[in-house]
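This is what each chain is made of:
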Amino acid sequence: MYPLKPSRRQFLLGTSAAAAAAAFGMPGNAYAATGSGGTSLPPDQEIAADVRTEFLHAWNGYKQFAWGHDQVMPLSGTYSEFFVSGHPIGLSIIEALDTLYVMGLDDELALGVDWIKNNLNFEIDGDFHVFEFIIRVLGGLEAGYLATGDPELLRLSVQAGDLVLPAFTKSPTGMPYQYVNLATGALSGNTPPIAEIGTNILEFGLLSQLTGDPKYYQAAKTAYKAVVERRSSLDLLASYLNIETGAWADSTDQAPNPPVDSFYEYLWGGWAMFRDQDCLDWYRMFTAAFKKYLVEDYNGYTWFKQVDFTTGELVSRDQSELAAFYGEVLAHGGDVALGESYYRTWANVASQYPVLPEEIDYTTLAALSKGNQLRPEYLNAAFDLYVQLRSDVYKTTSYDYFQNMKTYNRTPHGYTIINDVTTRPMVQGDLFPAYSFAENFKYLWLIFSNTPRYDYKTGYLSTEGKILRGLRRA
Ligand code: DMJ
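All chains use their own residue numbering, which begins from 1 and follows the written sequence. Whole-chain, interface and lining totals are the exception, using all residues; otherwise, since this is a predicted model, local features are given only for residues with pLDDT of at least 70 and side-chain atom pairs are given and counted only at 80 or more. Side-chain numbers here rest on the full set of heavy atoms in the structure, without hydrogens or water.

(A) Here's a closer look at the side chain of serine 462. With respect to the secondary-structure elements, serine 462 resides in the loop between β18 (460-461) and β19 (467-469). Since its relative accessible area comes to 2%, serine 462 is described here as buried. Where helices and strands are cited, they refer to DSSP runs of H or I of at least four residues and of E of at least two residues respectively, numbered from the N terminus. Note on classification: 1.4 Å probe, protein chains only; a residue is buried when its accessible area is under 20% of the maximum for its type, exposed when over 50%, partly exposed between these limits.

(B) Just the nonpolar core, in detail. The term nonpolar core refers to a set of buried residues drawn from Ala, Val, Leu, Ile, Met, Phe, Trp, Tyr and Cys, joined through side-chain atoms within 4.5 Å. The biggest cluster of nonpolar side chains holds 162 residues, and the ones touching the most others in it are Ile116, Leu141, Ile194, Phe263, Tyr264, Phe286 and Tyr326. The element best represented in this core is helix α6 (residues 130-148), accounting for ten residues.

(C) Structural context of the layout of surface pockets. Here the term cavity refers to a set of points on a 1 Å grid, laid over the protein atoms alone, in which a 1.4 Å probe fits but cannot get out; the term pocket refers to an open set having protein on both sides within 12 Å along at least five of seven lines, with lining residues being those that place an atom within 4 Å of a point. Grid points are joined across faces, edges and corners, and a volume is the space filled by probe spheres set on the points. The space that makes up the largest pocket amounts to roughly 400 Å³. Contributing elements (two or more residues each) for the lining of the largest pocket: α6, α8 (194-198), α11 (261-274) and α15 (377-389). Each residue gets one of three labels, nonpolar for Ala, Val, Leu, Ile, Met, Phe, Trp, Tyr, Cys and Pro, charged for Asp, Glu, Lys and Arg, and polar for the others, Gly among them. For the lining of the largest pocket, a count of residues per class yields ten nonpolar, four polar and nine charged. Considered as a void within the structure, the second largest pocket measures approximately 290 Å³ in volume. Together, 17 residues line the second largest pocket, and His332, Lys457, Gly459, Tyr460 and Arg469 are the ones closest to its centre. Mapped onto the lining of the second largest pocket, the elements with two or more residues apiece are α11, α15 and β18. With four residues, the top contributor of residues to the lining of the second largest pocket is α15.

(D) Expanded view of the sheet that holds strand β13 (residues 366-369). On the basis of which strands lie adjacent, the open sheet formed by three strands has the order β11-β12-β13 and antiparallel pairing. A strand with exactly one partner marks an edge of an open sheet, and here the two such strands are β11 (318-320) and β13. Taking the axes of each pair of neighbouring strands and ignoring which way they run, one obtains an average angle of 35 degrees across the sheet. Strand pairing requires that DSSP identify at least two bridges connecting the strands. The pairing of strand β12 (residues 359-361) with β13 spans three bridges and is antiparallel. Paired with glutamate 359 across the two strands is serine 369, which belongs to β13. For helices, the axis comes from a line fit to the C-alpha atoms of the stretch in contact; other axes are also lines fit to C-alpha atoms, and the angle between any two N-to-C directions lies between 0 and 180 degrees.

(E) Spotlight on the site of the ligand. Around the ligand lies a shell formed by Arg136, Leu322, Arg375, Pro376, Glu377, Tyr435, Glu439, Thr463 and Glu464. Pairs of N or O atoms within 3.5 Å make up the polar contacts considered here, provided that, within protein, one atom can donate a hydrogen while the other can accept it, and that residues adjacent in sequence are counted only when both atoms are side-chain atoms. A distance of 2.6 Å is found between an oxygen atom of the ligand and a side-chain nitrogen or oxygen belonging to glutamate 377. Note that an oxygen atom of the ligand is positioned 2.9 Å from one of the side-chain N or O atoms of glutamate 439. More than half of a molecule's atoms within 2 Å of the grid points is what it takes for that molecule to sit in a cavity or pocket. Using a 2 Å cut-off from the grid points, one finds that the ligand occupies the largest pocket. Of the residues in the shell around the ligand, the class split is three nonpolar, one polar and five charged. Here a residue counts as near a molecule or strand whenever at least one of its heavy atoms sits within 4 Å of it.

(F) Up close: the sheet that holds strand β4 (residues 179-181). Pairing in this open sheet of three strands is antiparallel, and the strands run β3-β4-β5 from one edge to the other. This sheet does not close on itself; its edge strands, each paired only once, are β3 (127-129) and β5 (187-188). Taken together, the two bridges between β4 and β5 define a ladder with antiparallel strand orientation. When the bridges of β5 are listed, valine 180 appears paired with leucine 187.

(G) Quick look at empty space enclosed by the protein. Here the structure, examined in full by the defined rule, presents three cavities of 30 Å³ or more. Surrounding the second largest cavity, Glu265, Trp268, Glu328, Val329, His332, Asn380, Asp384, Tyr443, Tyr460, Leu461 and Ser462 form its lining. Counting residues per element, the ones that place at least two in the lining of the second largest cavity are α11, α13 (326-332), α15 and β18. No other element matches α13, which puts three residues into the lining of the second largest cavity. By residue class, the composition of the lining of the second largest cavity is five nonpolar, three polar and three charged.

Function cannot be read off these values alone, since they describe shape.
Right, dumping it as structure tokens:
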């Protein structure tokens, strides 16, 4: 239990809104505009109970309209498949396993595991996206295994890993193809972004640990190394590589935005989970280059500009909401002030858009892409920064995020995406992305519940919110 200090309100609002805004690095009344209203938060356990209730609201919508399918469409009461149209793999169930566990929803977890054991079949003649399959399916099954100890989940994890491993081992460079047909093994897609090449060392590394077979870890490491070797003399990387020729397909370094974001996140992860010295050295090398060429102070806030990776010349000043997680990685890596500063940047954007737009022009904060796919990244950063630093400000901003979710994303049958966050009322879309079962509610729950089922000191989560270390068996 991490009780809120009586001084919380003072910390955020102080004797005047301006003083508090200054403490948080924001102009004027920016914070009050987030909807916190200046009131103290309810007790942690009350918030946690509410989070679980709202998670169940989303889960029950999925059970009612989409059980066994990949994703629920809660407005129309229908469903859609994520990987291959017409071929469900129960993705939302796989993504939810460890969330159900840490929330103590053991009956629901048992239902989910039962469905997987009786129905999950990877014999599908269709192209599966290797990166998404690894972070969502392999990671989800592994976390489900760690939560339950059920050997069938380990068997399925191994099967999942073996299905995508040839995307790496049959590539001439060791960098993975983008798609694999699960029934035929056919590989396709030869120019992935580097996030798709590097975001696998956690899931593959864990699989090597669980099986004692190093081949998964080695494949991930080979792929990582192949990208790092192609860095420019400035220690910068572009975004897309041809994995057959090894040639870059573009010239822009856009870290930590997609589609390169988790490439850098997993370098830190390779060190944090496996004490891989190369990963740490590479992480430090790229972070130093970011600080030199990408990081800039613009209108009083910290941003990452996009530059030519060979010259360092400015390309653009856009920022994706998906980059908002990066403050927690920086803090993990020892750059706490920079990480907190980048978080404050996004808190300021959140003070102007209660649901963040997918992409902004950071010179004006104008929304370049006005939707929001129920994105968890800003909350992901708050969770990790809170666990690292125990500063109440991350609880308060998370609470605001939760209240805004309830205000804008809630529907009678669950939660849904927003097609336009700039209108009032906001325009809702019709999808509950499966990752929100793995991420949004889990981060909120872990922040406020202080659950004994998670070890806050040693825990480590994947880019998809899967708890790959730190689950404590009940
Ligand atoms: C998730 O699938 C993961 O967080 C991934 O790393 C990037 N984006 C989505 C959620 O926005």
